[in-house]
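The lines below spell out each chain.
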Amino acid sequence: MIGNNSMPGSDRNLLLEATSPATREYILARVKPVDLPLRTLLYHPEEFPQYAYFLTSGMTSIVSIMEDGRAVESGMIGREGIVGGLQLLGPAVGPSQCIMQSDGAALRIAFADLARAYQTLPDLRNCILEFEQAQAFSLIQIAGCHRMHEAEERLSRWLLTVQDKTGNDLLELTQEFLGEMLGSRRTTITMAAGELQRRGVIDYSRGRVRILDRSGLENAACGCYPIVARLYNGLYSRSA
Ligand SMILES: [Zn+2]
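The rules behind the values
- Residues numbered from 1 in each chain as written.
- Predicted model: local features only at pLDDT ≥ 70, side-chain atom pairs only at ≥ 80, totals over all residues.
- Heavy atoms only, no water.
- 1 Å grid on protein atoms, 1.4 Å probe; cavity = no way out; pocket = protein on both sides within 12 Å on 5 of 7 lines; lining within 4 Å.
- Points joined across faces, edges and corners; volume = space filled by probe spheres on them.
- Helix = DSSP H or I, 4+ residues; strand = E, 2+ residues; numbered from the N terminus.
- Nonpolar A, V, L, I, M, F, W, Y, C, P; charged D, E, K, R; others polar.
- Pairing = 2+ DSSP bridges.
- Axes fitted to C-alpha atoms, helices over the stretch in contact; angles between N-to-C directions.
- Core = buried A, V, L, I, M, F, W, Y, C linked by side-chain atoms within 4.5 Å.
- Buried < 20%, exposed > 50% of the residue type's maximum accessible area, 1.4 Å probe, protein only.
- Contact = heavy atoms within 4.5 Å.

**With respect to empty space enclosed by the protein**
- All chains considered together, the criterion is met by one cavity of 30 Å³ or more.
- The calculated volume of the largest cavity comes to roughly 90 Å³.
- Glu 73, Ser 74, Gly 75, Met 76, Ser 138, Ile 142, Arg 157, Thr 161, Lys 165, Val 228 and Tyr 232 are the residues that line the largest cavity.
- Elements supplying a minimum of two residues to the lining of the largest cavity: strand S5 (71-77), helix H4 (122-148), helix H5 (151-166) and helix H9 (224-233).
- Broken down by element, the lining of the largest cavity gets its largest block of residues, four residues, from S5.
- Class assignment of the residues belonging to the lining of the largest cavity gives a composition of four nonpolar, four polar and three charged.

**A few points about the sheet that holds strand S3 (residues 51-57)**
- One open sheet holds the three strands; their spatial order is S1-S7-S3, and the pairing between them is antiparallel. Of all strands in the sheet, those bounded by a partner on one side alone are strand S1 (31-36) and S3. The mean angle between the axes of side-by-side strands here comes to 30 degrees, regardless of whether they run parallel or antiparallel.

**Section: the nonpolar core**
- With 39 residues, the main nonpolar core has Leu 15, Phe 54 and Leu 114 as its most contacted residues.
- If you tally residues by element for this core, the top one is H4, at six residues.
- In contact with Leu 114, not counting residues within four places along its chain, are Ala 52, Phe 54, Ile 82, Leu 88, Ile 109, Leu 124 and Ile 128.

Below you can see the structure in the form of structure tokens.
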């Protein structure tokens, strides 16, 4: 595995690694390594963020909050990208929130420092724009997925994506949480998870999902999974 000795901690952020050594040095001089426990809120709806985060482990969800307080996930960010990049693109504040869905860690940077770097360092800007473009295409796909695909397909797609982002095959997830993320009733998710378990694809008990058969899960997922995975697999290497 390619390491980067100048980066604090043993984990890596792939966006930062795609920038030039000079840019990385500039950013690393302005970050603070932070632990991000499960459920940490990284930004709130209708607020400009104080910090942006280069995740080095774990994953976070972009969650849409409805008028009645219900929530549904529309995107995920892991160590392939940056949390707070969208807010760099213009003055709008968004209606969504970003919340850690696992324990993780990040290099945290003051949003004002990042905004200055974004203006002055073209390679950083290009990487952030490339990531935000992949995010936008992914969000569009997932919007369609929520409307068109069945719970089992969406659950499978979601579990595969979480595994890709975290590198773990054991995921701590309650049914209530899964229902929220997938915009489905808890009973619907319970049935879908039960069916995957019956086929030996996952083991699901007491809020823990273990992926037993990755290719079985890929077969059970909707076509959105390979579409979204492709968007992220080629990040930062397409124009090289
Ligand atoms: Zn789908």
